[in-house]
Amino acid sequence: MSTIRVHFDGKVFVPDEPVNVPEGTLAQVIVIPPIEASKSPTGRKPLAELAAILDAMPDTSKLPTDYAAELDHYLYGTPKRGQG
């Protein structure tokens, strides 16, 4: 199976580039919206949505250096594993 990009000219689907398919070959066209037209639930384009998510993330330079190793301590207040 191969993928062929096409556009609709108002009457027929036209390949965007030359294709090597025998005449009379049956094909199925699945219409999907262009990536540029895709929007997130907030109405922003995907890259704008990702940028907004990244902007909202906390500044990791302010986290303790042992945050990953001592996650339970920082989340739940359990004793640090390194102590004891």
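Per chain, residue numbering runs from 1 following the sequence as it is written. Confidence filtering applies because this is a predicted model: local features only for residues at pLDDT of at least 70, side-chain atom pairs given and counted only at 80 or more, and all residues used for totals across whole chains, interfaces and linings. Side-chain metrics rest on all non-hydrogen atoms present in the structure, leaving aside hydrogens and water.

Asks: Could you clarify how one ought to interpret the overall build of the protein in this entry?
Replies: Within the protein, the regular secondary structure consists of two helices and two strands. Secondary structure elements of the protein, listed N to C terminal, follow the sequence β-β-α-α. Categorising residues by exposure relies on relative accessible area from a 1.4 Å probe, with only protein chains included: less than 20% of the type maximum marks a residue as buried, more than 50% marks it as exposed, and the intermediate range marks it as partly exposed. In the protein, which comprises 84 residues, the share counted as buried stands at 4%. Long-range pairs, those at least 24 residues apart, make up 0% of the contacts in the protein between residues at least 6 apart in sequence. To be clear on the numbers: accessible area is Shrake-Rupley with a 1.4 Å probe, and residue cover counts the displayed protein chains and nothing else. Accessible surface, the protein: about 8,100 Å² in total, of which carbon and sulfur atoms supply 60%. Under the scheme used here, helices are H or I runs from DSSP no shorter than 4 residues and strands are E runs no shorter than 2 residues, and both carry numbers assigned from the N terminus. Contacts were defined at the residue level, with two residues in contact if any of their heavy atoms lie within 4.5 Å.

Asks: For this particular structure, what's the right way to read a nonpolar patch on the surface?
Replies: A cluster of nonpolar side chains, contributed by I4, V6, F8, F13, V19, V21, V29 and V31, occupies part of the molecular surface with about 680 Å² of accessible area. Tracing the chain through its elements places V31 in the loop between β2 (13-15) and α1 (46-56). The residues that make up patches have over 30% relative accessible area and no salt bridge, and they are joined within 9 Å when like-charged or within 5 Å when they are Val, Leu, Ile, Met, Phe, Trp or Tyr. Here, a salt bridge means any side-chain nitrogen of Lys or Arg that lies within 4 Å of a carboxyl oxygen of Asp or Glu.

Asks: Quick question: what am I supposed to make of the pattern of salt bridges here?
Replies: Here the idea is simple: oppositely charged side chains can pair when their charged atoms come close. Counted according to the given criterion, the structure contains two salt bridges. The partner of K80 in a salt bridge is D66, with the nearest N and O atoms 3.1 Å apart. Of this pair, K80 sits in the segment after α2 (71-76) while D66 sits in the loop between α1 and α2, and the two are 14 residues apart along the sequence. Judged by its relative accessible area of 22%, D66 is partly exposed.

Asks: What's the story with the side chain of E70 in this structure? I'm lost.
Replies: Mapped onto the secondary structure, E70 falls in the loop between α1 and α2. Two residue types count as positive, namely Lys and Arg, and two as negative, namely Asp and Glu; His and chain ends fall outside the count. One buried charged residue, E70, forms no salt bridge at all, with the nearest opposite charge on R81 at 5.1 Å. Excluding residues within four positions of it along the chain, E70 makes contact with K80, R81 and G82.

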